[in-house]
Amino acid sequence: MPRKFLICLLGFILVSCSPQPAPQAPVPDQDLISTLVAATLEARSPGDAAPEPTQQPAQPTDPAEPTSVPSETPTLTPTHTPTSTPTLTPTPTPTDVPGDPAQELGSASWKDSFDTKDNWNGFEDNQSKFVIKNGAFYLTAKKANSFEAWTISWPVIKNFYLEYTGVFGDECAGKDRYGMIFRTPNFNEGYLFGISCDGSYRLSAWDGEEYTVLKSWTKSSHLKAGPDQENRFGIKARGERLTGYVNGQEVFSIAIDMYNAKGKFGVFAAASDTPGFTAKVTRVRYWELP
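The text that follows walks through the structure, step by step, so that each part is easy to find. Here the structure is a predicted model, which is why all the values come from computation and not from measurement.

A word on the state of the cysteines
Counting across every chain of the model gives one disulfide. Bridging Cys172 to Cys197, the disulfide has an S-S length of 2.0 Å. Every disulfide takes its handedness from the sign of the S-S torsion; for Cys172 and Cys197 that torsion is 60°, giving right-handed. Residue Cys172 is found in the loop between β7 (160-168) and β8 (177-184), and its partner Cys197 is found in the loop between β9 (190-196) and β10 (200-206); the two are separated by 25 residues along the sequence. Taken as a pair, Cys172 and Cys197 share a single burial class, namely buried.

Here's what the structure looks like:
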């Protein structure tokens, strides 16, 4: 056998028989209180110039707008010509809710409808993917292990009413969830207010090492549960008093003094039942309070 062929054969055997690294142990599933957390870099470094909070970008062209038009325009023949203009009495808007902060506080101090990417950082790792597209912030939890990942925006606020509008994805179950983190002083601490696919909400605090549950998972008739359901949920924070709202209705009020100073806010998501669970946030706004 030629020497060159023998050397190549020996090399192939050594490579094929070399020990392979042992697979890593899977991350344990934590359903109610996850011990895993990922905080991303802030959307803006302190030296960056931030736009005026009330300045809103122009609306983009809707990419889903149809490009075809009907081939024939129907002709409408009126069957009756009224002799007088009727008087219309306005009816209350179904979404009007007494005590709804969004309706009582007037114009928001700041809002974002995700027409641009100026206020947030998207990211992707082996656990999560956050991306802004088509006028929404899509939050995806790749694994059903209750790993809560978040990203932070740049405004710093203390006393406020902060409200998110979002939609559960077309597949969700149980405690698949998304929500807000707020009054975060250093991107790895703060309060978390989340809503889940089964129609529950929870308030907790994360100190960088462990969770403190301030309001355990609680079902609410005001929360629209299930896939593709849109909800509006918010936190009123004034001093140590935190008051939670779901679709304009107050659902809890609690006094807690863990994080009462100024802080930033962000979005988070986690899956307990559905790998690849995705929610989208379509609007974030806040009102500064005295």
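Quick notes on the environment of Trp110
Locating Trp110 in the fold gives a position in strand β2 (residues 110-112). With relative accessibility at 2%, the residue Trp110 sits in the buried group. A sequence separation of 45 residues divides Trp110 from Pro155, and the C-alpha atoms of the two residues are 9.0 Å apart.

Focus on the nonpolar core
The biggest cluster of nonpolar side chains holds 48 residues, and the ones touching the most others in it are Tyr164, Tyr178, Phe182, Phe193 and Phe265. Here the element with the most residues in this core is strand β16 (residues 277-288); it accounts for five residues.

Description of unusual backbone geometry
For Phe114, which is not a glycine, the phi torsion comes out positive at approximately 60°. For Phe114, the location among the structural elements is in the loop between β2 and β3 (123-124). For Phe114, a relative accessible area of 2% corresponds to the buried category. Residues other than glycine seldom take positive phi values, yet Ser146 does so here, at roughly 60°. By secondary structure assignment, the location of Ser146 is in the loop between β5 (136-141) and β6 (148-152).

Digging into the side chain of Asn145
By the element assignment, Asn145 lies in the loop between β5 and β6. The exposure class of Asn145 is buried, given its relative accessible area of 7%.

A short note on empty space enclosed by the protein
Under the counting rule described, the total for this entry stands at one cavity of 30 Å³ or more. Here the largest cavity is characterised by a volume of approximately 30 Å³. Every residue along the wall of the largest cavity is listed here: Glu148, Arg177, Leu192, Gly194, Arg202, Ser204, Trp217 and Phe268. Elements supplying a minimum of two residues to the lining of the largest cavity: β9 and β10.

A word on the side chain of Glu163
Relative to the elements of secondary structure, Glu163 occurs in strand β7. On the basis of relative accessibility, which here comes to 1%, the residue Glu163 falls in the buried class. Among the polar contacts made by the side chain of Glu163, one reaches the side chain of Arg232 at a distance of 2.8 Å. The residues contacting Glu163, other than those within four sequence positions of it, are Asp100, Ala102, Arg232, Phe233, Gly234, Arg283, Val284, Arg285 and Trp287.

Parameters and conventions
- Residues numbered from 1 in each chain as written.
- Predicted model: local features only at pLDDT ≥ 70, side-chain atom pairs only at ≥ 80, totals over all residues.
- Heavy atoms only, no water.
- Disulfide = S-S within 2.5 Å.
- Helix = DSSP H or I, 4+ residues; strand = E, 2+ residues; numbered from the N terminus.
- Buried < 20%, exposed > 50% of the residue type's maximum accessible area, 1.4 Å probe, protein only.
- Core = buried A, V, L, I, M, F, W, Y, C linked by side-chain atoms within 4.5 Å.
- 1 Å grid on protein atoms, 1.4 Å probe; cavity = no way out; pocket = protein on both sides within 12 Å on 5 of 7 lines; lining within 4 Å.
- Points joined across faces, edges and corners; volume = space filled by probe spheres on them.
- Polar contact = N/O pair within 3.5 Å; in protein donor to acceptor, adjacent residues only side chain to side chain.
- Contact = heavy atoms within 4.5 Å.

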